[in-house]
Amino acid sequence: MNTTHAIKDISQIQTLMDVYPPYSKNRLLLEYAIRTGLRISDILNVKVGQVLGKESYQIVEMKTGKKKELAIHDRLKQSISDYVKREGLTATDYLFYSNADKHSHIKRTQAHRIIARAGDMIGITLSAHSLRKSFGYHSYKQGVDISLLQTIFQHSSQAVTLRYIDITQENINNVYKRVDFGF
């Protein structure tokens, strides 16, 4: 079984974001996934009217059936706005619309191909789940409390969340090596 991993190198994420043209559906899919940490099934169901010009929006997670409010990062809001304008989308269109019909979204398999291809272009194995984990990993590294990430991911314990976001034994060992008591 293949396991997915977070992208730990921020410069690799920046390189990833440049593989597709700005304001393209493919690039927005990458940005949306990494900035929200949502499952791909929840991303694909977003309609333009839910997010365009909004500070936040509510979803009902497909996997859990639970309601979740999601704040939209300012840069993601701008990317959405630019993309919607460029594509001429309306409020009832899916953000990640099917080329055959803007009132239908792309399929999960197509989303996975877009993401995997982006990873191939920079020489890494990449999945939608990798982007979700990357959101968690970098949030944690930037000081977000693990209990808050546990809530975001709806995990049963902090240990599950730490394992999920790839906080490995190497990271744990670095703590032992870095702690300075002044003697």
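Given the structure is predicted, the values throughout are model-derived calculations rather than measurements.

*Asks:* I tried to follow the overall build of the chain on my own but got confused; where do I start?
*Replies:* A count of helices and strands for the chain gives ten helices and four strands. The N-to-C order of helical and strand elements in the chain reads α-α-α-α-β-β-α-β-β-α-α-α-α-α. Taking 183 residues into account, the globule formula puts the C-alpha radius of gyration at 16 Å, and the chain, at 17 Å, falls close to it. Projecting the C-alpha coordinates of the chain onto the three principal axes gives extents of approximately 65 × 35 × 35 Å. Buried positions account for 44% of the 183 residues belonging to the chain. Here the analysis covers contacts within the chain between residues at least 6 apart in sequence; of these, 56% occur between residues at least 24 apart. Accessible surface, the chain as shown: approximately 10500 Å² in total, 51% of it carbon and sulfur.

*Asks:* Whenever I open this one, the pairing of strand 1 (residues 56-60) confuses me. Can you help?
*Replies:* The side chains of a regular strand alternate between both faces of the sheet. By the alternation rule, side chains of strand 1 split into Tyr57 and Ile59, which are all buried, and Ser56, Gln58 and Val60, of which none is buried. In this structure, strand 1 lies alongside strand 2 (residues 67-71), joined through five bridges in antiparallel fashion. Each residue of the ladder has a partner; that of Ile59, found in strand 2, is Lys68.

*Asks:* Looking at this model, I keep getting lost on the nonpolar core. Mind explaining?
*Replies:* Soluble globular proteins tend to pack their nonpolar side chains together in the buried interior. By size, the foremost hydrophobic cluster in this structure holds 40 residues, and its most contacted members are Leu29, Tyr32, Tyr57, Ile80, Leu95, Phe96 and Leu131. Elements with a minimum of two residues in this core: helix 1 (10-16), helix 2 (25-36), helix 3 (40-44), helix 4 (48-51), strand 1, helix 5 (74-87), helix 6 (108-122) and helix 7 (128-141). With six residues, the single largest contributor to this core is helix 2. Leave out the neighbours within four places in its chain, and Leu29 touches Ile40, Ile43, Leu44, Phe96, Ile106, Ala111, Ile114 and Ile115. If you look at the next biggest cluster of nonpolar residues, it comprises nine residues, including Phe135, Tyr137, Ile146 and Tyr164.

*Asks:* Sorry if this is basic, but what is going on with the confidence of the model for the chain here?
*Replies:* Interpretation of the predicted coordinates at a detailed level should be avoided for regions scoring low in pLDDT. Confidence in the prediction for the chain averages 94 pLDDT; 99% of positions are at 70 or higher. The lowest-confidence element of the chain is helix 10 (residues 169-178), averaging 85 in pLDDT; the highest-confidence one is helix 2, averaging 98.

*Asks:* I'm lost on the pattern of salt bridges in this one. Help?
*Replies:* Two side chains with opposite charge may pair up if their charged atoms get near one another. Considering all chains together, one arrives at seven salt bridges under this definition. Across the salt bridge formed by Glu61 and Arg39, the nearest N and O atoms sit 3.6 Å from each other. Here Glu61, found in the loop between strand 1 and strand 2, pairs with Arg39, found in the loop between helix 2 and helix 3; they are 22 residues apart in sequence, far enough to count as distant. Between Lys77 and Glu55 there is a salt bridge, and its shortest N-O distance comes to 2.7 Å. Remark: Glu55 occurs in the loop between helix 4 and strand 1 and Lys77 occurs in helix 5; sequence separation between them is 22 residues.

*Asks:* Honestly, helix 6 in this entry has me stumped. Any pointers?
*Replies:* Every α-helix winds through 3.6 residues per turn, so residues three or four apart in the chain are directed the same way. Taking 1.5 Å per residue, 15 residues should reach 21 Å; helix 6 reaches 22 Å between its end C-alpha atoms and fits that length. When helix 6 is considered as a whole, its buried residues turn out to be Ala111, Ile114, Ile115, Ala118 and Gly119. Take helix 6 and look down its axis: the buried residues cluster within an arc of 130°, on one side only. Of the exposed residues in helix 6, those oriented more than 90 degrees away from the buried face are Arg113 and Asp120. Each element contacted by the buried residues of helix 6 is listed here: helix 1, helix 2, helix 3 and helix 7.

Each value, and the rule that gives it
- Residues numbered from 1 in each chain as written.
- Predicted model: local features only at pLDDT ≥ 70, side-chain atom pairs only at ≥ 80, totals over all residues.
- Heavy atoms only, no water.
- Helix = DSSP H or I, 4+ residues; strand = E, 2+ residues; numbered from the N terminus.
- Rg over C-alpha atoms; globule rule 2.2 N^0.38 Å.
- Buried < 20%, exposed > 50% of the residue type's maximum accessible area, 1.4 Å probe, protein only.
- Contact = heavy atoms within 4.5 Å.
- Areas by Shrake-Rupley, 256 points an atom, 1.4 Å probe, with all protein chains shown as cover.
- Pairing = 2+ DSSP bridges.
- Core = buried A, V, L, I, M, F, W, Y, C linked by side-chain atoms within 4.5 Å.
- pLDDT = per-residue confidence, 0-100.
- Salt bridge = Lys/Arg side-chain N within 4 Å of Asp/Glu carboxyl O.
- Expected span 1.5 Å × (residues − 1).
- Arc of directions from axis to C-beta.

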